[in-house]
Amino acid sequence: MRLDEYAAAPPAASLEGPAPIAGPISDRDRYSRQVLFPGIGIVGQQRLASSHVAIVGCGATGAASASLLARAGVGTLTLIDRDFVEPSNLQRQVLFDEADARDSLPKAEAARRHIARFNSTIAVHPRIADLTPTNIAELLTFNADQTAPSPPIDLILDATDNFETRYLLNDFAVQQSIPWIYAAAIGAYAATMNILPTGFQPTPGNPPGAPSMAQSHRDMGGMINAHAATHNSQLTTHNCPPTSCLACIFPTPPSGNTDTCDTAGILSTAVNLAASIQVTEALKLLTGQPHLMRRTLLSFDLWSNERSEISATTPRPDCEVCGLRIFTHLTGTARPHITLCGRDSVQIHEHRRPLDLTALKTRLQTHADIQALRSNDLLLRFRRGPHTLTLFPDGRALIQGTTDIAVARSLYARFVGA
Ligand SMILES: [Zn+2]
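## Re the overall build of the chain
Then step 1. For the chain, the count of helices and strands is 16 helices and 14 strands.
Then step 2. Scored against the burial criterion, the 418 residues of the chain give a buried share of 40%.
Then step 3. For the chain, long-range pairs separated by at least 24 residues make up 69% of all intrachain contacts whose partners lie at least 6 apart in sequence.

Encoded structure:
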């Protein structure tokens, strides 16, 4: 349409509008613009559909990355998060709304519900849990729903808010030869790094059982782009040497007080930058093109416009994790049972104490000093004086209103048990 035709066009507003779409939305329509992009094409789109990505943390970065991957058509997502939605999350956590915050819905489940509204064709497995040395193998190997087995996890995305979990993730990923992508955002700063461990084998050729190009052509309703077809017919296994791991660059986790979004604030733009870079690198890997992935630790400060890159091209031979294969964080010796969450709250990890939330609610209703007692299938929450306790079915608790571990422990013992 020419510019003068726009001027002459009748008003677009019509009460009748276009006819509603009948039946399910086809993949051909849904992914048409992404398939046109030469780096993806039809074969790349099929690879995404047969891929499984686990995202650890479903706060700001995790919600943004989960949304991008789900819209891109990654077939299976496992979302692991220990927390619930709060009003202060809504400024930047794109998969949650006011109703989720009012209901204190666990983030992993809230994310699953929102994703189902814009892409109901992919499988999303929410796991409401804190990733620990004890459960990491189970969470990153199996689904909660054992009746619906999923493909093995191809890639892990870091969207956590703490280095303790990142070093645990690094140990596990290096040990199991699973690629992972570090991402962090704080203030106006965003950083990300791809970790491709020794032993990782990029997906060779077409995924097992994938249809031929001719079959793909028919399945996509004849939608094919000559450029994309040419490009994808050339997709083969690329030699992909390992990169540095997190411990190659930072041998030990930062000590002392580190900034969190509760102390330094955060811009949603920094979150979305970190997620955009992380997910683009993920798309390269999942479509069998790891040789295109960046081999540096990249960081931006969007406010000062400073940018830096540290080489992460090769593993450090004397690295304790990928060189010497000593997995300190995985053996759990570095993990306390009670931790500070960095927002005037304490977390108690009691994974071997499953709680019957219904029975507990009945019991707590008789306590005169308990207020605002609420529960659903996924958590139970109440206020007691200046403290708010949130209990999960696996026995875990978040105690808000204190950073005193002794106070948290005594509240837990009093209302749950010693
Ligand atoms: Zn290393």
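## Considerations on the sheet that holds strand 8 (residues 306-311)
Then step 1. Strand order across the open sheet formed by eight strands is 3-2-1-4-5-6-7-8, with mixed pairing between neighbours. Each of the sheet's edge strands pairs with one partner strand only, and the pair in question is strand 3 (123-128) and strand 8. In this sheet, adjacent strand axes meet at a mean angle of 15° when their direction is disregarded.
Then step 2. Two elements, strand 7 (residues 296-301) and strand 8, share six bridges in a ladder whose sense is antiparallel. Counted as the bridge partner of Phe 300 is Arg 307 from strand 8.
Then step 3. Its contacts with the sheet put helix 5 (residues 60-72) on strand 1 (52-56), strand 2 (76-81), strand 4 (155-158) and strand 5 (180-186), and the angle it makes with strand 2 is roughly 170°.
Then step 4. Seen against the sheet, helix 7 (residues 107-118) touches strand 2 and strand 3 and runs at an angle of roughly 165° to strand 3.

## Some details on the environment of Leu 285
Then step 1. By the secondary structure assignment, Leu 285 is in helix 14 (residues 268-286).
Then step 2. You can call Leu 285 buried: it has 24 C-beta atoms within 10 Å.
Then step 3. Note: C-alpha distance between Leu 285 and Pro 202 (83 residues apart in sequence) is 7.4 Å.
Then step 4. In contact with Leu 285, other than residues within four places in its own chain, are Leu 155, Pro 179, Pro 290 and Met 293.

## As for helix 16 (residues 405-415)
Then step 1. Of all the residues in helix 16, the buried ones are Ala 408, Leu 411 and Tyr 412. Along the axis of helix 16, the buried residues cluster in a sector spanning 100°; they form a single face. Away from its buried face by more than 90 degrees, helix 16 exposes Ala 406, Ala 413 and Arg 414.
Then step 2. Downstream of helix 16 by one or two residues, Gly 417 has phi in the positive range, about 140°.

Analysis parameters
Residues numbered from 1 in each chain as written. Predicted model: local features only at pLDDT ≥ 70, side-chain atom pairs only at ≥ 80, totals over all residues. Helix = DSSP H or I, 4+ residues; strand = E, 2+ residues; numbered from the N terminus. Buried ≥ 20, exposed ≤ 12 C-beta atoms within 10 Å, placed from the backbone. Contact = placed C-beta atoms within 7 Å. Pairing = 2+ DSSP bridges. Axes fitted to C-alpha atoms, helices over the stretch in contact; angles between N-to-C directions. Arc of directions from axis to C-beta.

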